[in-house]
Amino acid sequence: MTAKKSHPLGIDVGGSGIKGAPVDLTTGDFAAERVRIPTPEKSTPEAVADVIASIIASFDEVGPDTPVGITVPGVVTHGVVRSAANIDKAWLDCDAEALFAERLGRPVHVVNDADAAGLAEVRYGAAKGKDGFVILTTLGTGIGVALVHDGRLIPNAELGHLEIDGHDAETRASRGVAEAKDLSWQEWAERLQRYYRHLEDLLWPDLFVVGGGVSKKADKFLPLLDIRTPIVPAALRNSAGIVGAAVLASEAAPRR
């Protein structure tokens, strides 16, 4: 009898919770109920690895050859985390793939969280079937950006840190800043418009997709933007990182 092939597992490391689920790559849906464990207060790579091990252990169908993708909120090059703007500084220059592989006893694929979400939206979500150049922005504590051209991911586009009017863009236009300063939707939209106009003047995208938790309230601010590029809310919401991580892990597995 031929053993049933397991679905790849995606794990999304966030500031408040670490979430994981196996993903059916045919549909982009979870193949089992998602498991969420709170992010450790001291969220060092080692502490996060322990939580990820617990998540993997909760899925009986995850075998030793199951591809596992893990997102982190930082630039990732060849498995090494190169930035730590909104995470524990212990991640800086950490070889996360090597650390996780040793702790979990299996090869893993580590990716930037916005990149994973962007690819998921192109494959299964708001940008599915859209040719050309798609930019996903995640609006949260900071601003994450993913660039996808004709279905191919261009990784580690840290365009949330563009300098605009003498400021790091995310220090002016992130949702975290808007909440900290108690900005109205209109006031925040004015800052967002400056940001999106700058992006479109530099890159001329065919579509913007807006992710992050605030995308659930897209009707409050997207209609206030006056830009030339179509802009739509993300469709996969909080599942995008998990789905994209699973996709990228599955595609990386044959290269190993």
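In this report, the structure presented in the accompanying data block is examined. Being a predicted model, the structure only gives us computed values, none of them experimental. (Residues numbered from 1 in each chain as written. Predicted model: local features only at pLDDT ≥ 70, side-chain atom pairs only at ≥ 80, totals over all residues. Heavy atoms only, no water.)

To continue, consider a positive patch on the surface. Side chains of Lys-216, Lys-217, Lys-220 and Arg-237 sit close together on the surface and give a patch of like positive charge. Structurally, Lys-217 can be placed in the loop between β15 (207-211) and α7 (218-221). (Patch = residues over 30% accessible without salt bridge, like charges linked within 9 Å, V, L, I, M, F, W, Y side chains within 5 Å. Areas by Shrake-Rupley, 256 points an atom, 1.4 Å probe, with all protein chains shown as cover. Salt bridge = Lys/Arg side-chain N within 4 Å of Asp/Glu carboxyl O. Lys, Arg positive; Asp, Glu negative; His and termini not counted. Charge placed at Lys NZ, Arg CZ, Asp CG, Glu CD. Helix = DSSP H or I, 4+ residues; strand = E, 2+ residues; numbered from the N terminus.)

What follows deals with the sheet that holds strand β7 (residues 80-81). One open sheet holds the 3 strands; their spatial order is β6-β7-β8, and the pairing between them is antiparallel. Looking at strand neighbours, the two that pair on one side only are β6 (76-77) and β8 (94-95), the edges of this open sheet. Note that β7 and β8 share 2 bridges and pair antiparallel. Within β8, the residue paired with Val-80 across the bridge is Asp-95. (Pairing = 2+ DSSP bridges.)

The next point concerns the pairing of strand β1 (residues 9-13). With 5 of its 5 residues buried, β1 lies for the most part within the structure. Burial along β1 is two-sided: Leu-9, Ile-11 and Val-13 and Gly-10 and Asp-12, pointing in opposite directions, are all buried. Alignment of β1 against strand β2 (residues 17-24), held across 5 bridges, turns out to be antiparallel. Bridge assignment links Leu-9 to a residue of β2, and that residue is Pro-22. Adjacent in sequence and paired antiparallel, β1 and β2 are bridged by 3 residues. Relative to strand β5 (residues 68-72), β1 is paired through 4 bridges, and the arrangement is parallel. Bridge pairing in β5 places Leu-9 opposite Val-68. (Buried < 20%, exposed > 50% of the residue type's maximum accessible area, 1.4 Å probe, protein only.)

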